[in-house]
Amino acid sequence: MTTTTPAPHRPRAIARIHFHPGRRSEALYEHLLDVVEGISPRIEPLPADWSAYVDLTGALRYWHRDLAGLIDVIRLRLAALHGVTISVGAGPTRSTAAIAAAATPPGSVTIVGATPYELAAFLRPRPAAQLPGAGPKTVRTLTQYGITTIGDIADTPPATLQRILGAPTAHRLQDLARGIDDRPVTPTAPPRSMSTATRFTHDELDPEHHQRALLDLAETLGARLRDAHEITQALTLTVTYADRTHTTRTRTLPEPTAHTPALAHPARQLLTALGLQRARVRTIALRAERLLPAEHAAHQLTLDDRADKLHRLESALDRARARYGPGAAGTASAALHRARTP
């Protein structure tokens, strides 16, 4: 009788790549993805923050290189073909790669080893806020109980953590804190989307400034959608903090739209739900997801013409911007926000 010895388990090699171009465009983003796809076809685009996950596990054998060497190939190709700098975090799981990437400055690479000791040495000292899925509210709740690092989350008795956060969140965060993350990199085509962002001149603490910046983004995004004759089915808000970590939240809209007030209201709800009263915010980005041609818009009948008047006002503002520039209709635009935003 013969027996077959199973092949030893080979750890995954997953990278989170952040692109840092001088100018951004959707066409450039797709070109950058094409370059990376030439190294490994297992790439999952994340256009909201100009990044992508790449599973390099199979590519290591194909290219006869170790992980650091293969990342160098990607860096050199992107620099040579498009003049774009990248930062890369890599490790055996998606979450480890994401944490490493968030801590890596442009032009640099952070690779986390796959052994339990290497994973623990990298993860445990880091602030709890760096764990994917641990938003500001969750972090504040944990801090009240003296849980401030990823190591603290890993060491907290599961029953205790469940009482603090609820079972689903506690289970998910504790697995990630212990380096357990089986989520695959899912190759997908980059979705049709449109985004805009604002970077504060300093790390901004004032929630009112956050809100005003977000309203400006909603106005810009709405105008761009209308210019392109497109509507959006969902909004994604990404807030980047002073330590380069970020929180991303998405909301599906009640109906596809390109109207600024209909974008501003859910955007404000997303921002308010993050609870950023004491957060030092560096960048706020708003992205319109799952775009459709404008002719797919639904038009609801109403008993009065107030909505039609507001839409006509919006059209007038668009014409003023087109003729005189973006700042020409600021006062009227603010009035439109007040008229339609609860």
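First, a word on scope: everything that follows refers to the structure included in this document. (Residues numbered from 1 in each chain as written. Predicted model: local features only at pLDDT ≥ 70, side-chain atom pairs only at ≥ 80, totals over all residues. Heavy atoms only, no water.)

## So, the packing of helix α4 (residues 94-102) against helix α5 (residues 116-123)
Between two packed helices, both the angle of their axes relative to each other and the distance between the axes serve to describe the pair.
Part 1: Where α4 contacts α5, the two axes come as close as 11 Å, and the packing angle between them is 45°. The angle between α4 and α5 falls in the class oblique. Where α4 crosses over α5, the two elements pack in a sense that is left-handed. Contacts between α4 and α5 involve Thr96, Ile99 and Ala100 on the former and, on the latter, Leu119, Phe122 and Leu123.
Part 2: Each residue belonging to the contact of α4 with α5 can be placed in one class, and the counts come to five nonpolar, one polar and no charged. (Axes fitted to C-alpha atoms, helices over the stretch in contact; angles between N-to-C directions. Helix = DSSP H or I, 4+ residues; strand = E, 2+ residues; numbered from the N terminus. Parallel < 35°, antiparallel > 145°, perpendicular 65-115°, else oblique. Left-handed = near helix turned anticlockwise from the far one by under 90°. Contact = heavy atoms within 4.5 Å. Nonpolar A, V, L, I, M, F, W, Y, C, P; charged D, E, K, R; others polar.)

## Concerning the pattern of salt bridges
Part 1: As enumerated under the stated definition, the model contains eight salt bridges in all.
Part 2: Asp203 is the salt-bridge partner of Arg280, the closest N and O atoms lying 3.2 Å from each other. Remark: Asp203 occurs in strand β6 (residues 193-204) and Arg280 occurs in the loop between α11 (260-274) and β9 (281-289); sequence separation between them is 77 residues.
Part 3: A residue is classified by how much of its surface remains accessible, and Arg280, at 47% relative accessible area, is partly exposed.
Part 4: Across the salt bridge formed by Arg282 and Asp203, the nearest N and O atoms sit 3.4 Å from each other. Note that Arg282 is positioned in strand β9 and Asp203 in strand β6, a separation of 79 residues in sequence.
Part 5: On the accessibility criterion, Asp203 (24% relative accessible area) is partly exposed. (Salt bridge = Lys/Arg side-chain N within 4 Å of Asp/Glu carboxyl O. Buried < 20%, exposed > 50% of the residue type's maximum accessible area, 1.4 Å probe, protein only.)

## Structural notes on the pairing of β9
Part 1: Of all the nine residues making up β9, eight are buried; the element is thus mostly covered by neighbouring parts of the structure.
Part 2: Note: β6 against β9, eight bridges, orientation antiparallel. If you follow Arg199 over to β9, its bridge partner there is Thr283.
Part 3: Inspection of the sheet shows strand β7 (residues 230-241) paired to β9 by eight bridges, in the antiparallel sense. In the sheet register, Tyr241 faces β9, and the bridge partner there is Val281. (Pairing = 2+ DSSP bridges.)

## Re helix α1 (residues 26-37)
Part 1: Here α1 spans 16 Å end to end across 12 residues, near enough to the 16 Å set by a 1.5 Å rise per residue.
Part 2: Those residues of α1 that sit buried are Leu28, Tyr29, Leu32, Leu33, Val35 and Val36. Angularly, the buried residues of α1 cover 155° about the axis, an arc narrow enough to put them on a single face.
Part 3: Taken together, the buried residues of α1 touch β1 (14-20), β2 (43-46), β3 (51-55) and α3 (67-82). (Expected span 1.5 Å × (residues − 1). Arc of directions from axis to C-beta.)

## Details of helix α9 (residues 167-177)
Part 1: All buried positions along α9 are accounted for by Ala170, Leu173, Gln174, Leu176 and Ala177. Seen from one end, α9 has its buried residues packed into an arc of 160°, which puts them on one side. In α9, those exposed residues whose orientation departs by more than 90 degrees from the buried face are Pro168 and His171.
Part 2: Looking at the buried side of α9, the elements it contacts are α4, α5, α6 (136-144), α7 (150-155) and α8 (158-165).
Part 3: Positive phi shows up at Gly179, right after α9, with a value of about 80°.

## What to know about the layout of surface pockets
Part 1: What the largest pocket holds in volume is close to 1200 Å³.
Part 2: What lines the largest pocket is a set of 49 residues, among which Pro132, Gly133, His246, Thr247 and Thr248 lie closest to the centre.
Part 3: Top element by residues in the lining of the largest pocket is α4. It accounts for five residues.
Part 4: Each residue belonging to the lining of the largest pocket can be placed in one class, and the counts come to 22 nonpolar, 14 polar and 13 charged. (1 Å grid on protein atoms, 1.4 Å probe; cavity = no way out; pocket = protein on both sides within 12 Å on 5 of 7 lines; lining within 4 Å. Points joined across faces, edges and corners; volume = space filled by probe spheres on them.)

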